[in-house]
Amino acid sequence: MAYTVVGKSVRRVDAVAKVTGRAKYTDDFSERNMLVGKILHSPYAHAIVKSIDVSKAKALPGVEAVLTYKDLPDIRFATAIPGIIEAMATDEVGVAELKYSTAGHPYALEETHRDKEDRNILTQKARFVGDNIAAVVATDDLIASKALKLIEVEYEVLEPLTSTDAALKEGAPLIHDDCEGNIISSKGYEMGNIEEALKESDHVIEGEYETSIVQHCHLENQVSHAYVDSDRRIVIMTSTQIPHIVRRIVAQSLGISWGRVRVIKPYIGGGFGNKQDVCIEPLNAAMSLAVGGRPVRLELSREEAMIDTRTRHAFKFKIKTGINNDGKINGIYISAVSNTGAYASHGHSIASSGGGKFRYLYPTKALKYEPLTVYTNLPVAGAMRGYGTPQIFFAFESHIEDIAKKLNLDPIEIRKKNVVKEGHVDPLSKNTIRSCSIRECIDKGRELIKWDAKKALYKEQTGDIRRGVGMACFSYASGTYPVALELAGARIVMNQDGSVQLQLGATEIGQGSDTVFAQMVSEVLGIPMYMVHVISTQDTDITPFDTGSYASRQTYVSGMAVEKAALEVKKKVLTVASSMTDIPAHLLDLKEQSVVFKDSGEKVIELEVVAMQSYYDRVNAQPITSDVSNNARINAIPFGVTFAEVEVDMKTGKIKILEIYNVHDSGKIINPLLAEGQVHGGVSMAIGYALSEQLLFDEKTGKPLNNNLLDYKLPTIMDTPDIGAAFVEKEDPTGPFGVKSLGEPPIVSPAPAIRNAVLDATDVAFNRIPMNPQRVFEKFKEQGLI
Amino acid sequence: MFKRIAFTVNGKAYNFEVDVRESLLDVLRSHLGFTGAKQGCGVGECGACSVLIDGVPTDTCIYLAVWADGKDIRTIEGVAEKNGELSDVQKAFVDEGAVQCGFCTPGLILTTTALKESGKDYTREELKRELSGHLCRCTGYQNILKAAEKSLEGHVCTCVDSPHYKGE
């Protein structure tokens, strides 16, 4: 379809605010003399607090409150604010019973569908180095830090389980008393008969693959402010992707009714899934309650944020694939062990989601997935861009490359032979592939990198510097349907001049959603971008309900709500215009700030005149607004591919990326410039995942070794090659304007593509990432190459 | 302990007492309201807190406020024209799509501004090195580099046999 604004690289709606320093983030709202909260973290990975003495800390001048697990959640000292204590007392729950889940999922009415509730705000049992034992509120940072040192804690140190192997060992101590074997869940799936499928195959090929713990490293650390307002409600301003969910979880964590919490989300400095979790807000609320509702600021340092928020789950995979001589896959068996760390957070959802999104790419007669999500005494793993898919696709796209090599099949042809076709219905989710351009993506990538020429050129290399090319494919989803609720809200108010305010529950977190939503409204209402004012701040008191920004759901799911809201406004405008002109509304359309004839485009009346009528008509005045919710009970599956060319220094183990291209089938692209930006960022994060990033821990103690931006090797501009982004645009019939998701997909396939390129260059298969120089060097040595 | 310091920020003179333990970032953000400088790490790793001190990009989180005595400081709030018109560097960042979450943006714009104002020529690799003190997790640096190149138009040598590259 031909669009006016959709499909154009219009300027970001928040660009000017962000280049002038006027865009305000949570901490920019700090008031002078705000109290400061700080957390006492456990120095042990697994320990029980035998005794805790806070008297010296409390006596320090400038200390306003000290909290331990004994004080929460009933916060006896909150009596300073009349009403708070009564509110708290409505839920008669004991301290130990009031456990909650921090995962940023929509609430489920069915109890069985809820996340595992295993967390207290402060704990008596430390489950990782960094766990929250106590907290102080003081008049400034220095006093708060000093007070932490005055808290005397006696720990009984337990055996730390720093790997899934240790946690799964028979007789291993339990990290959570109610969790047998330290296994949160082993729920997987089976389609067809895997035993038979493997038996019928000409070959059964096995492989083992492993990924590491990495961290989001958004530039803005977790930060929030909390106070109690004159209506005795807790108000929290926070850097979050999910304001409405924060509201619920803070209330749950304190045992108060949900309406007593108000959450405000201003601009945020990146999230990547880490802010799809409720890490600091419950404690921040408790801190404010502890000081009579006065405002308290809680900001994590980088060192704290890297271990005491969330990480990406490390996985170990074992794969068995049954394949025929012609390259047709009959059956796939995958077992996975996912390390979720000390608390469940998103827990088994990560393993389930990875296995679910993987299913769309290569439909086979039989597929069996056996994932195990395991507690360990390491920092808590949660949502991170890709949500389980970078792990499983690293494993399988490495594996299929190994198969191709072993059977002497062309790596591209083997994939093309097995990838899904349009019309396929996934037997488990029942989601239908209504648009699929994976083959076209592969062809485009092949051409961009000059695959055939380079493949021929790089055969049989022997020197110290070797080059190779590799590729990998992926499938993803647009939102979470049918697993979770996909509700989105949008509200539009038309002003007297025909311009509009657009209010959303979906949050702008840097990805550019505010801009693409504005483009959608601009397109439907025939008004220029500058007449669409997006209210970027979410406030749960005012903002329409939407579960938030995650799962690459905004443009697709929240976009549906935006389109619906805009269409409703359009209908109302045309109805008013019709009443003013006696021209039937169905003959009219909106274009260039006017009501026009649909067929000829001839102008009928200016939009502004209609808007004025709607405000001031003596009889029929009714300003034009819409306020809609959309429950998306559908999904669209995006696909894509990475092609990479690498140069490997055989003497030092250093891998350099010479060229890298991501080609995406994400349906219609609403804003090419912003879409490319998503691809660049995702690929860059994936390059770190493949080559340099890993959070390291002392195996014996579980102590973090590199939780800072110097020792944790986040790619700098010097480490990042030119990244090529391309799209095969085929409109999906279900998405607004034909879109499918794009936010997370770019991170899924680069790591295996790079690994496969290294295999092509060196003949060495790296089945564990990151492939940092040390590991590469050691492996080359082990293989006798150096 | 407090010490009186005098400096200018974006051309305006200030003269007041600061706690000797405070960083320049604290003073700029908390006392003077220049919140465009961001704290990303607090230890000089990420560059989000950069401002120009006498024209030199500096991490203010590890720069004591007392050291700023007598200095001329420029923050992101002082980059655009007084009438609100964006500088060429700011325009380049907007046009090239170099902005996503925006948290690293002020620091990068200031460093790019300093490079532009230096009048020097840079190769692409040199430009990358100059910008490498700024971490960004959203953009993969692609459009940031494009924006910086556009800002320095005429001063980026792309060919290896340019006089600059040969050190002539």
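In this report, the structure presented in the accompanying data block is examined. From a predicted model like this one, the values you see are computed outputs, not experimental measurements. (Residues numbered from 1 in each chain as written. Chains lettered and ligands numbered in written order. Predicted model: local features only at pLDDT ≥ 70, side-chain atom pairs only at ≥ 80, totals over all residues. Heavy atoms only, no water.)

**Points about the overall build of chain A**
Here is step 1 of the chain: Counting its secondary structure elements, chain A contains 20 helices and 28 strands.
Here is step 2 of the chain: A compact globule built from 786 residues would reach a C-alpha radius of gyration of about 28 Å, and chain A, at 27 Å, matches this within 12%.
Here is step 3 of the chain: Taken along its principal axes, the extent of the C-alpha atoms in chain A is 85 × 80 × 50 Å.
Here is step 4 of the chain: Across the 786 residues in chain A, those meeting the buried criterion constitute 65%.
Here is step 5 of the chain: Sequence-distant contacts in chain A: of pairs separated by 6 or more residues, those separated by 24 or more amount to 80%.
Here is step 6 of the chain: As displayed, chain A has an accessible area near 28300 Å², and 49% of this comes from carbon and sulfur atoms. (Helix = DSSP H or I, 4+ residues; strand = E, 2+ residues; numbered from the N terminus. Rg over C-alpha atoms; globule rule 2.2 N^0.38 Å. Buried < 20%, exposed > 50% of the residue type's maximum accessible area, 1.4 Å probe, protein only. Contact = heavy atoms within 4.5 Å. Areas by Shrake-Rupley, 256 points an atom, 1.4 Å probe, with all protein chains shown as cover.)

**With respect to the overall build of chain B**
Here is step 1 of the chain: Helices and strands together make up the secondary structure of chain B, namely 5 helices and 7 strands.
Here is step 2 of the chain: The linear arrangement of helices and strands in chain B, starting from the amino end, is β-β-α-β-β-β-α-α-β-α-α-β.
Here is step 3 of the chain: Taken against the 2.2 N^0.38 rule, which gives 15 Å for 168 residues, the C-alpha radius of gyration of chain B at 17 Å falls within 12% of a compact globule.
Here is step 4 of the chain: In terms of principal-axis extent, the alpha carbons of chain B reach across some 55 × 35 × 35 Å.
Here is step 5 of the chain: Expressed as a percentage of the 168 residues in chain B, the buried residues total 55%.
Here is step 6 of the chain: For chain B, the computed accessible surface area is about 7200 Å², with 49% contributed by carbon and sulfur atoms.
Here is step 7 of the chain: Looking at charge distribution, chain B has the averaged site of its 19 positive side-chain charges lying 3 Å from that of its 24 negative ones. (Lys, Arg positive; Asp, Glu negative; His and termini not counted. Charge placed at Lys NZ, Arg CZ, Asp CG, Glu CD.)

**Thoughts on unusual backbone geometry**
Residues and elements named next belong to chain A.
Here is step 1 of the chain: Here Y481 and P482 are connected by a cis peptide whose omega angle stands at 10°.
Here is step 2 of the chain: Here P482 is to be found in the loop between β17 (465-475) and β18 (487-494).
Here is step 3 of the chain: A cis amide bond, omega 5°, links I769 with the succeeding residue P770.
Here is step 4 of the chain: Structurally, P770 can be placed in the loop between α19 (750-762) and α20 (773-782).

**Looking at the interface of chain A and chain B**
Here is step 1 of the chain: Contacts between the two partners involve 51 residues from chain A and, on the opposite side, 48 residues from chain B.
Here is step 2 of the chain: Of all residues in chain A, the largest losses of buried area upon contact with chain B belong to A:V19, A:L219 and A:I717, amounting jointly to 21% of the total for that side.
Here is step 3 of the chain: For the interface between chain A and chain B, the tally reads 5 salt bridges.
Here is step 4 of the chain: Across the pair A:D27 and B:R29 runs a salt bridge whose closest N-O atoms are separated by 3.1 Å.
Here is step 5 of the chain: Our enumeration of links across chain A and chain B arrives at 23 residue pairs in polar contact (both at pLDDT 80 or more).
Here is step 6 of the chain: At the level of secondary structure, the elements contributing two or more residues to the side of chain A that touches chain B comprise α1 (15-19), α9 (302-308) and α18 (672-691) of chain A.
Here is step 7 of the chain: For the side of chain A that touches chain B, the element with the highest residue contribution is α18(A), accounting for 7 residues.
Here is step 8 of the chain: For the side of chain A that touches chain B, a count of residues per class yields 23 nonpolar, 16 polar and 12 charged. (Buried area = accessible area lost by both parts, 1.4 Å probe. Salt bridge = Lys/Arg side-chain N within 4 Å of Asp/Glu carboxyl O. Polar contact = N/O pair within 3.5 Å; in protein donor to acceptor, adjacent residues only side chain to side chain. Nonpolar A, V, L, I, M, F, W, Y, C, P; charged D, E, K, R; others polar.)

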